[in-house]
Amino acid sequence: MTFTFDGMPVEGHDGEMLVSALVRANILTLRHAPHDAAPRGAFCCMGLCQECAVVVKGQTVEACRTEVTADLVVERV
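1. Concerning the side chain of E16
- Inspection of the secondary structure puts E16 in the loop between β2 (8–11) and α1 (18–24).
- Judged by relative accessible area, which is 13%, E16 ranks as buried.
- A polar atom in the side chain of E16 sits 2.8 Å from the backbone nitrogen of H13.
- Setting aside residues up to four positions removed in sequence, E16 forms contacts with A21, R24, T66, E67 and V68.

Printed below as a string of structure tokens:
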């Protein structure tokens, strides 16, 4: 199924974690650090570090704890 990340189409599987689909699509920078704008992406992949934070439906969520669904719209924080 297809979802979008910052307006780009990305393929994922039903029930797959969002971070897995993004990494497979070679999208590794999910946000930038607030203090020095350093790139951030998946780190722990179990919801502890919040490095994979993205925006879905106006809410900041962890990509490693969010399932891919059809027509999901994801944006960088």
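Resuming the write-up.
2. Some details on the state of the cysteines
- All chains considered together, the criterion is met by zero disulfides.
- C49 carries a free sulfur, and the closest cysteine sulfur to it, the one in C44, is 3.6 Å from it.
- C49 sits in the partly exposed class, given a relative accessible area of 24%.
- Left without a disulfide partner, C64 is nearest to the cysteine sulfur of C52, which lies 3.7 Å away.
- A relative accessible area of 9% means that C64 is categorised as buried.

3. Some words on the nonpolar core
- With 17 residues, the main nonpolar core has F3, F5, L18, L30, V54 and V74 as its most contacted residues.
- Sorting the residues of this core by element identifies β1 (2–5), α1 and β5 (53–56) as the ones contributing at least two each.
- When residues of this core are assigned to their parent elements, the largest contribution, four residues, is made by α1.
- In contact with L18, not counting residues within four places along its chain, are F3, V54, A63, T66, V68, L72 and V74.

4. Let's talk about the sheet that holds strand β6 (residues 59–62)
- Read from one edge of the open sheet, five strands run β2-β1-β7-β5-β6, paired in mixed fashion. Every other strand in the sheet has two partners, leaving β2 and β6 as the edge strands with one partner each. Averaged over all pairs of adjacent strands, the angle between strand axes in this sheet comes to 40°, irrespective of strand direction.
- For β1 and strand β7 (residues 73–76), the ladder comprises two bridges, and the chain directions are parallel. Counterpart to F5 in the pairing with β7 is V74.

Cut-offs and rules
- Residue numbers here run from 1 along each chain, matching the order of that chain's written sequence.
- Thresholds applied to this predicted model are a pLDDT of at least 70 for local features of residues and 80 or more for the giving and counting of side-chain atom pairs; totals over whole chains, interfaces and linings are not thresholded and use all residues.
- Heavy atoms throughout the structure, all of them, feed into the side-chain values; hydrogens and water do not.
- Numbered from the N terminus, helices here are DSSP runs of H or I no shorter than four residues, and strands are runs of E no shorter than two.
- Each residue's exposure class comes from its accessible area (1.4 Å probe, protein chains only) as a fraction of the maximum for that residue type: buried when under 20%, exposed when over 50%, partly exposed otherwise.
- What qualifies as a polar contact is a pair of N or O atoms within 3.5 Å, subject to a donor-acceptor requirement within protein and to the restriction that residues adjacent in sequence count only when both atoms come from side chains.
- Any two residues having at least one pair of non-hydrogen atoms within 4.5 Å are treated as being in contact.
- The rule for a disulfide is simple: a pair of cysteine sulfur atoms within 2.5 Å.
- Note on terminology: a nonpolar core comprises buried Ala, Val, Leu, Ile, Met, Phe, Trp, Tyr and Cys residues joined through side-chain atoms within 4.5 Å.
- Two strands form a pair only when DSSP identifies at least two bridges running between them.
- Structural elements are reduced to axes, namely lines fitted to C-alpha atoms, with helices fitted over the stretch in contact, and the angle between N-to-C directions of any two is expressed from 0 to 180 degrees.

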